[in-house]
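Close look at the chain arrangement
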Amino acid sequence: MTWPRGGNDSGGNHSGGNDRGGNDSASYQQAVVLSVGSNLGDRLANLQLGLDVLGRGGLELRAVSSVYETDPVGGPDQADYLNAVLLAGSSLAPRDILARCAAAEAAAGRVRTQRWGPRTLDVDIIACGSVISADQALTLPHPRAHERAFVLVPWLELDPQAVLPGRGPVAELVADVPMAGVRRRPDLRLAMRGADAPCS
Ligand code: A4P
Ligand code: MG
């Protein structure tokens with residue numbers, strides 16, 4: 001995994017470990033790719049709230065893609081989504097990053113009624129460095145990322161050299177997915193406000 005600008009390319013050749021050879025995990029930042037999606041309530045505000053919560057601790061947001069309006073994939077009949085991808089650095093363990101994602105979802109009032117159903121905010125970990133995990137509670141990379149244009153298109157926009165661990169270059173994966181349901185919305189923008197983000 002590479003960074004689009006001045007970032008910390010610590011992915012691609014390790015397994016969430018420490019390439020300085022020690023256990024200094026606090027100072028080691030692995031590359032994290034997150035996908036955010038919303039199709040309920042004020043979708044853009046939900047995504048922005050998610051970014052704000054994610055950026056307030058443990059995750060250093062590096063880049064956010066354009067916002068894309070996307071046809072729903074799977075699940076019941078439901079409204080179109082807004083989706084975006086974030087690149088971040090973090091020294092947190094993957095399970096702690098997942099907890100941050102859950103906190104962001106909770107802040108946006110996420111209620112789980114049905115799988116793939118409408119949601120105010122979904123935050124998925126697409127990849128965490130080069131960690132591979134088959135654990136159901138945290139599968140890495142995300143098991144459906146390679147077949148989802150709403151993940152691959154915004155990720156490619158941020159990083160044309162991106163590689164999905166175990167699957168290959170995103171530029172190649174994107175050529176195999178239907179693109180019709182993914183529309184960039186240049187009129188909608190997300191801001192990276194990091195630790196300065198408002199609390200509510
Ligand atoms: N989980 C395992 N691996 C991960 C991971 N890498 N990142 C577990 C995040 N969570 C992961 O997720 C269910 C469980 O997955 C969690 O308990 C977590 O421990 P959830 O968010 O509770 O439920 P869900 O999102 O409905 O289920 P699932 O299977 O994660 O769905 P997906 O794959 O996230 O798909 N269409 C469009 N256009 N845009 C979208 O954003 N999103 C979905 C949800 C479906 N269709 C969509 C979109
Ligand atoms: Mg999810």
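Residues numbered from 1 in each chain as written. Chains lettered and ligands numbered in written order. Predicted model: local features only at pLDDT ≥ 70, side-chain atom pairs only at ≥ 80, totals over all residues.

A tally of helices and strands in the chain yields four helices and eight strands. Each helix and strand of the chain, placed in order from N terminus to C terminus, yields the pattern β-α-β-β-β-α-β-α-β-β-α-β. Across the chain, every contact between residues at least 6 apart in sequence was considered, and the portion connecting residues at least 24 apart equals 71%. (Helix = DSSP H or I, 4+ residues; strand = E, 2+ residues; numbered from the N terminus. Contact = placed C-beta atoms within 7 Å.)

Turning our attention to the site of ligand 1. Among the 22 residues in the neighbourhood of ligand 1, the closest are listed as Gly37, Thr70, Val73, Tyr81 and Thr139. Among the secondary structure elements, those contributing two or more residues to the shell around ligand 1 are β4 (81-90) and β5 (122-128). With three residues, the top contributor of residues to the shell around ligand 1 is β5. Its residues assigned to classes, the shell around ligand 1 shows nine nonpolar, seven polar and six charged. (Near = placed C-beta within 6 Å. Nonpolar A, V, L, I, M, F, W, Y, C, P; charged D, E, K, R; others polar.)

Looking now at the confidence of the model for the chain. Confidence along the chain averages 86 in pLDDT terms, with 83% of residues attaining 70 or more. Note on residues 2-26: pLDDT is under 50 here. Beyond four places in sequence and across chains, it has 50 contacts. (pLDDT = per-residue confidence, 0-100.)

A word on the nonpolar core. One broad rule of soluble globular proteins: the nonpolar side chains tend to lie buried together. Residues Val32, Leu34, Ala84 and Leu86 are the most contacted members of the largest nonpolar core, which totals 49 residues. In this structure, Leu34 is in contact with Val85, Leu86, Ala88, Val123, Asp124, Ile125 and Ile126, ignoring residues within four places of it in sequence. (Core = buried A, V, L, I, M, F, W, Y, C linked by C-beta atoms within 7 Å. Buried ≥ 20, exposed ≤ 12 C-beta atoms within 10 Å, placed from the backbone.)

Glancing now at the pairing of β5. Summarising burial for β5: seven of the seven residues are buried, a large majority. Here strand β1 (residues 30-38) pairs with β5 via six bridges, running antiparallel. The residue of β5 that forms the bridge with Ser35 is Asp124. (Pairing = 2+ DSSP bridges.)

Here the focus is unusual backbone geometry. Residue Leu140 is joined to Pro141 through a cis peptide bond whose omega torsion reads -10°. The topology assignment puts Pro141 in the loop between β5 and α3 (149-158).

Let us now look at the pairing of β4. Of all ten residues that make up β4, nine are buried, and the element is covered over most of its length. Inspection of the sheet shows β1 paired to β4 by nine bridges, in the antiparallel sense. Bridged to Val36 within β4 is Ala84. Pairing geometry for strand β3 (residues 68-70) and β4, over three bridges, is antiparallel. In the sheet register, Tyr68 faces β4, and the bridge partner there is Asn83.

Further remarks concern the packing of helix α1 (residues 43-55) against helix α2 (residues 94-107). The N-to-C vectors of α1 and α2 enclose an angle of 140°; their axes lie 9 Å apart at closest approach. By the angle between their axes, α1 is oblique relative to α2. The way α1 lies across α2 gives a crossing that is right-handed. Across the interface between the two elements, Leu49, Gly50, Val53 and Leu54 of α1 pack against Arg100, Ala103, Ala104 and Ala107 of α2. (Axes fitted to C-alpha atoms, helices over the stretch in contact; angles between N-to-C directions. Parallel < 35°, antiparallel > 145°, perpendicular 65-115°, else oblique. Left-handed = near helix turned anticlockwise from the far one by under 90°.)

Structurally, Arg95 is set in helix α2. Spatially, the C-alpha atoms of Arg95 and Ala137 are 8.8 Å apart, while their sequence positions differ by 42 residues.

Among the secondary structure elements, Asp77 is positioned in the loop between β3 and β4. Given 6 C-beta atoms within 10 Å, Asp77 falls into the exposed group. Along the sequence, Asp77 and Pro118 sit 41 residues apart, while their C-alpha atoms lie 9.0 Å from each other.

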